[in-house]
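This is what each chain is made of:
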Amino acid sequence: SNLIENAVKYNVEGGSIDISSAAEDKKYTFTIADTGIGIPEEKREHIFDPFYRADHSRSRKIGGAGLGLAIVKDIIGRHGGTVSAAPGESTGTVFTVTLPRIPAE
């Protein structure tokens, strides 16, 4: 839910959010793509660090402590998955989450 909340929080007025999923042999992949303000490349490597805020000027207005993405990464990692962020096609950010598939018994 944190990734979706961030997509809403950091989007622009009239922007959009696309959520998709795919199942492969050994993993599930989920993507959350927004048309928001995006994350500069030099800051993207730190966004999963606890208390890191990519845009300090918006911190008071938007709220939060900079823990959400660190918690997301920890939870997904504890389930054997990964999370990453990349720039959107023209604007915004695309978060990709992968989780291992558990075979049916």
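Scroll up a little and you will see the structure.
An account of the accompanying structure is given in this report.

1. With respect to the packing of aromatic side chains
Here comes step 1: Applying the stated criterion across every chain yields a total of two aromatic pairs.
Here comes step 2: Taken together, a centroid distance of 6.3 Å and an interplanar angle of 90° make the contact between Phe 48 and Phe 95 edge-to-face. With Phe 48 in the loop between α2 (41-44) and α3 (59-62) and Phe 95 in strand β4 (residues 93-100), this residue pair connects regions lying 47 residues apart in the sequence. By the burial criterion, Phe 48 is buried, and Phe 95 matches it.

2. Comments concerning helix α1 (residues 2-9)
Here comes step 1: All of the buried residues along α1 are Asn 2, Leu 3, Asn 6 and Ala 7. Along α1, the residues classed as buried sweep out an arc of 140° about the axis, all on the same side.

3. Observations regarding the pairing of β4
Here comes step 1: Note that strand β2 (residues 27-34) and β4 share seven bridges and pair antiparallel. Residue pairing for β4: Ala 33 is matched across the bridge by Val 94.
Here comes step 2: Bridge count between strand β3 (residues 82-87) and β4: six bridges; the pairing is antiparallel. Note on β4: the bridge partner recorded for Pro 87 is Thr 93.
Here comes step 3: Between β3 and β4, which pair antiparallel one after the other, the connecting turn spans five residues, and Gly 92 there sits at a positive phi close to 80°.

4. Focus on the nonpolar core
Here comes step 1: With 13 residues, the main nonpolar core has Leu 3, Ile 47, Phe 48, Leu 69, Val 83 and Phe 95 as its most contacted residues.
Here comes step 2: At the level of elements, α1, α4 (68-78), β3 and β4 are the ones that each hand at least two residues to this core.
Here comes step 3: If you tally residues by element for this core, the top one is α4, at three residues.
Here comes step 4: When residues no more than four places from it in sequence are discounted, the contact partners of Leu 3 are Ile 32, Leu 69, Val 72, Val 83, Phe 95 and Val 97.

5. Things to note about the pattern of salt bridges
Here comes step 1: This structure, assessed with the given rule, holds one salt bridge.
Here comes step 2: With a shortest N-O distance of 2.8 Å, Asp 74 and Arg 78 are connected by a salt bridge. Of the two residues, Asp 74 and Arg 78 both sit in helix α4, four residues apart, roughly one turn of that helix.
Here comes step 3: Using a relative accessible area of 67% as the deciding quantity, one classes Arg 78 as exposed.

6. So, a negative patch on the surface
Here comes step 1: A surface patch of like charges, here negative, comprises Glu 41, Glu 42, Glu 45 and Asp 49.
Here comes step 2: Relative to the assigned elements, Asp 49 resides in the loop between α2 and α3.
Here comes step 3: By relative accessible area, Asp 49 is classed as partly exposed at 33%.

7. Describing α4
Here comes step 1: Along α4, the residues classified as buried are Leu 69, Ala 70, Val 72 and Ile 76. Seen end-on, α4 carries its buried residues on one side only, within an arc spanning 160°.
Here comes step 2: Taken together, the buried residues of α4 touch α1, β3 and β4.
Here comes step 3: Positive backbone phi, at 80°, marks Gly 80, one or two positions downstream of α4.

Thresholds, definitions, all that
- Residues numbered from 1 in each chain as written.
- Predicted model: local features only at pLDDT ≥ 70, side-chain atom pairs only at ≥ 80, totals over all residues.
- Heavy atoms only, no water.
- Phe/Tyr/Trp six-rings, centres within 6.5 Å; stacked < 30°, edge-to-face > 60°.
- Helix = DSSP H or I, 4+ residues; strand = E, 2+ residues; numbered from the N terminus.
- Buried < 20%, exposed > 50% of the residue type's maximum accessible area, 1.4 Å probe, protein only.
- Arc of directions from axis to C-beta.
- Pairing = 2+ DSSP bridges.
- Core = buried A, V, L, I, M, F, W, Y, C linked by side-chain atoms within 4.5 Å.
- Contact = heavy atoms within 4.5 Å.
- Salt bridge = Lys/Arg side-chain N within 4 Å of Asp/Glu carboxyl O.
- Patch = residues over 30% accessible without salt bridge, like charges linked within 9 Å, V, L, I, M, F, W, Y side chains within 5 Å.
- Areas by Shrake-Rupley, 256 points an atom, 1.4 Å probe, with all protein chains shown as cover.
- Lys, Arg positive; Asp, Glu negative; His and termini not counted.
- Charge placed at Lys NZ, Arg CZ, Asp CG, Glu CD.

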